[in-house]
Amino acid sequence: MANKKELSVEDKLRALYALQLVDSKIDEIRNVRGELPLEVEDLEDEVAGLSTRLDKLKSDLEAVDVQIKEKKNAIDEHKTSIKKYLDQQKNVRNNREFNSLTKEVEFQELEIQLAEKHIKEMKASIEHKKEVLGQTKERLDAKQSHLKHKKAELSDIMSETEKEENFLLGKSEEYQGQIEDRLLAAYTRIRTSVRNGLAVVSIERGASAGSFFTIPPQTQMEIAGRKKILTDEHSGRILVDNVLAEEVKEEMDKLFAKI
């Protein structure tokens, strides 16, 4: 990577404050979207989950249908066996053979009763699954409709702000390229640690912007001298004097007006 041009302290402060204004503008654009991207992502997950559940329910219903057919086929086979054993009883030679066939008939009848019980249970299961399937389908349709609406809403916002955001992201990279790595790392660390993302602030009414703690007059003079980079001892933010801040704001307002 090529070495970054060595800037004066004042130029560093100007680049830092310009970067802050650009990044704050990007924040504003993203705040307009609010929680919408996350809402869309959550809805997509819900739709995927409900679709999977619906497929599972349909698969379960098909499996139960197959099991019922198998039970019905088994009942037909048991009935055929009963008929065969009853026919054989007509030609038995002794009571032992007759009793043996009778037990076979009774066993087949018990198997039929058990199969019919299972069929009844499976039909009840089918009715329950169909009810759940219907409810799931309704929920899925509602979520898909809601997702479609939210995606359209997000798409509208994105189309309105995409050009502006891309331009600002490019400017952010441009200003980052002017700032030495150590200072840029400090800016990023401060920016991510404060709620409003303000890592570089001007002095307003003797205090750093957004702070109620007064900055000593001697420190204010040092900041106005632009000979070294100073931070607010309470918030950790990098401080710039109000005159420099107003000059950079004017430049950035002209830049933003061109977007």
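Residues numbered from 1 in each chain as written. Predicted model: local features only at pLDDT ≥ 70, side-chain atom pairs only at ≥ 80, totals over all residues. Heavy atoms only, no water.

### As for the overall build of the protein chain
Okay, so step 1: In terms of helices and strands, the protein chain carries six helices and three strands.
Okay, so step 2: Listing the helices and strands of the protein chain from first to last along the sequence gives α-α-α-α-β-β-α-β-α.
Okay, so step 3: Considering only C-alpha atoms, the protein chain reaches an extent of 125 × 40 × 35 Å along its principal axes.
Okay, so step 4: Expressed as a percentage of its 259 residues, the buried residues of the protein chain come to 36%.
Okay, so step 5: A fraction of 77% describes how many contacts in the protein chain between residues 6 or more apart in sequence connect residues 24 or more apart.
Okay, so step 6: Put simply, the protein chain has 45 plus and 52 minus side-chain charges, and the middle of one group is 4 Å from the middle of the other. (Helix = DSSP H or I, 4+ residues; strand = E, 2+ residues; numbered from the N terminus. Buried < 20%, exposed > 50% of the residue type's maximum accessible area, 1.4 Å probe, protein only. Contact = heavy atoms within 4.5 Å. Lys, Arg positive; Asp, Glu negative; His and termini not counted. Charge placed at Lys NZ, Arg CZ, Asp CG, Glu CD.)

### Considering the UniProt feature "coiled-coil region" (unreviewed entry) in the protein chain
Okay, so step 1: Mapped onto the present numbering, the UniProt feature "coiled-coil region" (unreviewed entry) falls at residues 40-125.
Okay, so step 2: Structurally, residues 40-125 is divided into 94% helix and 0% strand, and its ends, taken at the C-alpha atoms, are 35 Å apart. (UniProt positions renumbered as here; feature names shortened; annotations may be inferred.)

### A word on the packing of helix H1 (residues 9-33) against helix H4 (residues 181-193)
Okay, so step 1: Contact pair H1 / H4: the axes reach a minimum separation of 12 Å and the direction vectors enclose 35°. Viewed along their axes, H1 and H4 form a crossing whose handedness is right-handed. Taken together, the residues of H4 that come into contact with H1 (itself represented by Lys12, Leu16, Leu19, Gln20, Asp23 and Asp27) are Leu183, Leu184, Tyr187 and Arg191.
Okay, so step 2: Residues that form the contact of H1 with H4 fall into these classes: five nonpolar, one polar and four charged. (Axes fitted to C-alpha atoms, helices over the stretch in contact; angles between N-to-C directions. Left-handed = near helix turned anticlockwise from the far one by under 90°. Nonpolar A, V, L, I, M, F, W, Y, C, P; charged D, E, K, R; others polar.)

### Observations concerning the environment of Ile119
Okay, so step 1: By the secondary structure assignment, Ile119 is in helix H3 (residues 95-176).
Okay, so step 2: Looking at Ile119, the relative accessible area reads 8%, which means it is buried.
Okay, so step 3: Note: C-alpha distance between Ile119 and Lys71 (48 residues apart in sequence) is 6.9 Å.
Okay, so step 4: Ignoring sequence-local partners within four residues, the contact set of Ile119 consists of Ile68, Lys71, Lys72 and Ile75.

### Some remarks on the nonpolar core
Okay, so step 1: Ranked by internal contacts, the top residues of the largest apolar core, which has 27 residues, are Val200 and Met252.
Okay, so step 2: When residues of this core are traced back to their parent elements, those giving at least two are H1, H3, H4, strand E3 (238-240) and helix H6 (242-257).
Okay, so step 3: Examining the composition of this core, we find that ten residues originate from one element, H1, more than from any other.
Okay, so step 4: For Val200, the contacting residues outside a window of four places in its chain are Leu16, Tyr17, Gln20, Tyr187, Ile238 and Val240.
Okay, so step 5: Core analysis: the next-biggest nonpolar cluster, separate from the first, contains 26 residues, Val40, Leu54, Leu61 and Ile68 among them. (Core = buried A, V, L, I, M, F, W, Y, C linked by side-chain atoms within 4.5 Å.)

### Details of the pattern of salt bridges
Okay, so step 1: Applying the stated criterion to the full structure yields 23 salt bridges.
Okay, so step 2: Between Glu180 and Lys12 there is a salt bridge; the shortest N-O distance is 2.6 Å. Here Glu180 is found in the loop between H3 and H4, whereas its partner Lys12 is found in helix H1, with 168 residues between them in sequence.
Okay, so step 3: Looking at Lys12, the relative accessible area reads 15%, which means it is buried.
Okay, so step 4: The salt bridge involving Arg93 is made with Glu97; its shortest N-O contact spans 3.4 Å.
Okay, so step 5: Put simply, Glu10, Arg14, Arg226, Asp241 and Glu247 are held in one network by salt bridges that share partners. (Salt bridge = Lys/Arg side-chain N within 4 Å of Asp/Glu carboxyl O.)

### Some words on unusual backbone geometry
Okay, so step 1: The phi dihedral of Arg205 falls on the positive side, at around 55°, and the residue is not glycine.
Okay, so step 2: Here Arg205 falls in the exposed class, since its relative accessible area comes to 86%.

### Here we look at the pairing of strand E1 (residues 200-204)
Okay, so step 1: Across the five residues of E1, four count as buried, placing the element largely inside the fold.
Okay, so step 2: Of the pairings in the sheet, the one linking E1 to E3 comprises three bridges and is parallel in character. When the sheet's bridge partners are listed, Ser202 is paired in E3 with Val240.
Okay, so step 3: Here two bridges tie E1 to strand E2 (residues 207-208), and the two strands are oriented antiparallel to one another. By the bridge assignment for E2, Ile203 is matched with Ser208.
Okay, so step 4: Following E1, the chain reverses through two residues before pairing antiparallel with E2; Arg205 in that reversal takes a positive phi of roughly 55°. (Pairing = 2+ DSSP bridges.)

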